[in-house]
Amino acid sequence: MKYYSTNGQVAPVSLEEAVVKGLAGDKGLFMPEKIATLSKSTIDGLKDKSFREIACTVARAFFGEDIEPDTLDALVKDTLSFETPVVPVRKNCYSLELFHGPTLAFKDVGGRFMARLLGYFIKKQGLNDVNVLVATSGDTGSAVANGFLGVPGIRVFVLYPKGKVSPIQECQFTTLGQNITALEVDGTFDDCQALVKNAFMDETLNNHMALTSANSINVARFLPQSFYYFNAYAQLDRMGKAGEMVVCVPSGNFGNITAGLFAARMGLPIKRFVAANNRNDVFLEYLNTGKYTPRPSVSTIANAMDVGDPSNFARILDLFKANEDVHKAICSKISAYRYTDEQIAQTMQTVYSETGYILDPHGACGYQGLIDSKLTATETGVFLETAHPAKFKETVDKILSSDIEIPAKLQAFMKGTKQSVELDKDFVGFKAFLLRQ
Ligand SMILES: *Cc1c(COP(=O)(O)O)cnc(C)c1O
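How each quantity is defined
- Residues numbered from 1 in each chain as written.
- Predicted model: local features only at pLDDT ≥ 70, side-chain atom pairs only at ≥ 80, totals over all residues.
- Heavy atoms only, no water.
- Pairing = 2+ DSSP bridges.
- Helix = DSSP H or I, 4+ residues; strand = E, 2+ residues; numbered from the N terminus.
- Near = heavy atom within 4 Å.
- Polar contact = N/O pair within 3.5 Å; in protein donor to acceptor, adjacent residues only side chain to side chain.
- Nonpolar A, V, L, I, M, F, W, Y, C, P; charged D, E, K, R; others polar.
- Axes fitted to C-alpha atoms, helices over the stretch in contact; angles between N-to-C directions.
- Contact = heavy atoms within 4.5 Å.

Remarks on the sheet that holds strand β1 (residues 2-5)
Part 1 of the argument: The three strands lie next to each other as β2-β1-β3, forming an open sheet whose pairing is antiparallel. Two strands lie at the open edges of the sheet, namely β2 (13-14) and β3 (30-32), each paired on one side alone.

Quick word on the site of the ligand
Part 1 of the argument: Close contacts around the ligand come from 15 residues, with Lys-107, Asp-139, Gly-252, Asn-253 and Thr-386 the closest.
Part 2 of the argument: Lys-107 is positioned with one of its side-chain polar atoms (N or O) 2.5 Å from an oxygen atom of the ligand.
Part 3 of the argument: A distance of 2.8 Å separates an oxygen atom of the ligand from a polar backbone atom of Phe-254.
Part 4 of the argument: Within the shell around the ligand, the residues separate by chemical class into six nonpolar, seven polar and two charged.

Details of the sheet that holds strand β6 (residues 130-135)
Part 1 of the argument: Ordered in space as β9-β6-β7-β8-β14, the five strands form an open sheet in which the pairing is parallel. Two strands lie at the open edges of the sheet, namely β9 (210-213) and β14 (421-423), each paired on one side alone. Within this sheet the neighbouring strands show an average axis-to-axis angle of 30°, counted without direction.
Part 2 of the argument: Looking at chain direction, strand β8 (residues 180-185) and β14 are connected through three bridges and run parallel. Paired with Leu-183 across the strands is Val-421, a residue of β14.
Part 3 of the argument: Across the sheet, helix α8 (residues 189-201) touches β6, β7 (154-161), β8 and β9, and the angle it forms with β6 is around 150°.

Listed below in structure tokens is the structure:
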């Protein structure tokens, strides 16, 4: 199957090229030419399957034309060594816990799958030296680095803003060694992202080394995120509660919610979506006004959602392009809410005191979005709990006056030794560093 660019200025490419390149030549995002649908009987049968089996079914619908079924199944099974349970928080309101993977955040699913798929293509092409550049404000770096750890033929460079990620986040990508190099940039997240973008556009560098990106623009990273929407449905179906499923997704770059929209397109009965934002609310503004106005991001306590120009917005527009009134069509499927830091903290306190459930700041936006979207008596609400609260321990403990336990997985990272290369935020130094590799 071919993948076209949302900007439509370049010819469609193969899955292999879309994954290896990441971004299309005209800077558009790749989209599959067809979205296969699953039959009603397949969907009804999900409740009898394991998460891995469900994911294999969905993966075949996406990638089955391009990768041999057994190979694909093996890639999926190797990716999903953990569960994504649906946990009741209140009546008709469930938390889809996506934080049981190696780095305790939902990005593990996409990060691990992409690493395996890229590794497979590289081996097939006989390449032995591909370089993944990834800019991170905290969570992406750890999921991508851990996903790629030890994958032959691939080196990963994680660029992160010095002093601006939490100590727990930092140790998850600076202590790994092997094929992972952490670059500590004296600047902001935007500076890191600019360095990566400049590297992709630099001819000398691209002649010197094969470069690719592992941000959620890559189809291999964002599409697998649809797996857990199917898995959530299966779990609700087992409880007899899947009739009218409403899903609220704490959103930053909108890759996760876009994967949910893909699941719905494939026939998964999700009645409607809610996008929960922090103060970075350009999407809510788009729903309200029909105008999309990107702006610089502001810092919040839900920092993985501090995005002022969500890259996957282009994919959402593209998904709805067949409609006469695109804005109206989007509004009929997705609603949105925005929360200040004070509101996020309030939600965390209320839910903790009333139910004992500990939300992280991102999940708190998700929970509140679901409540504010006013579920009807027949709807079942699910919010995505995108990270384990211990990843944001300082913030969570301060708000809840708690001392939450750090899971063993996370403690193991904290025992490692930090290794990083310090860099200025100017491109010259970064380029010289890469040319030495
Ligand atoms: C990345 C991230 C998000 C936002 O996901 P998008 O796909 O960028 O919308 C939300 N919560 C956490 C914890 C994250 O790491």
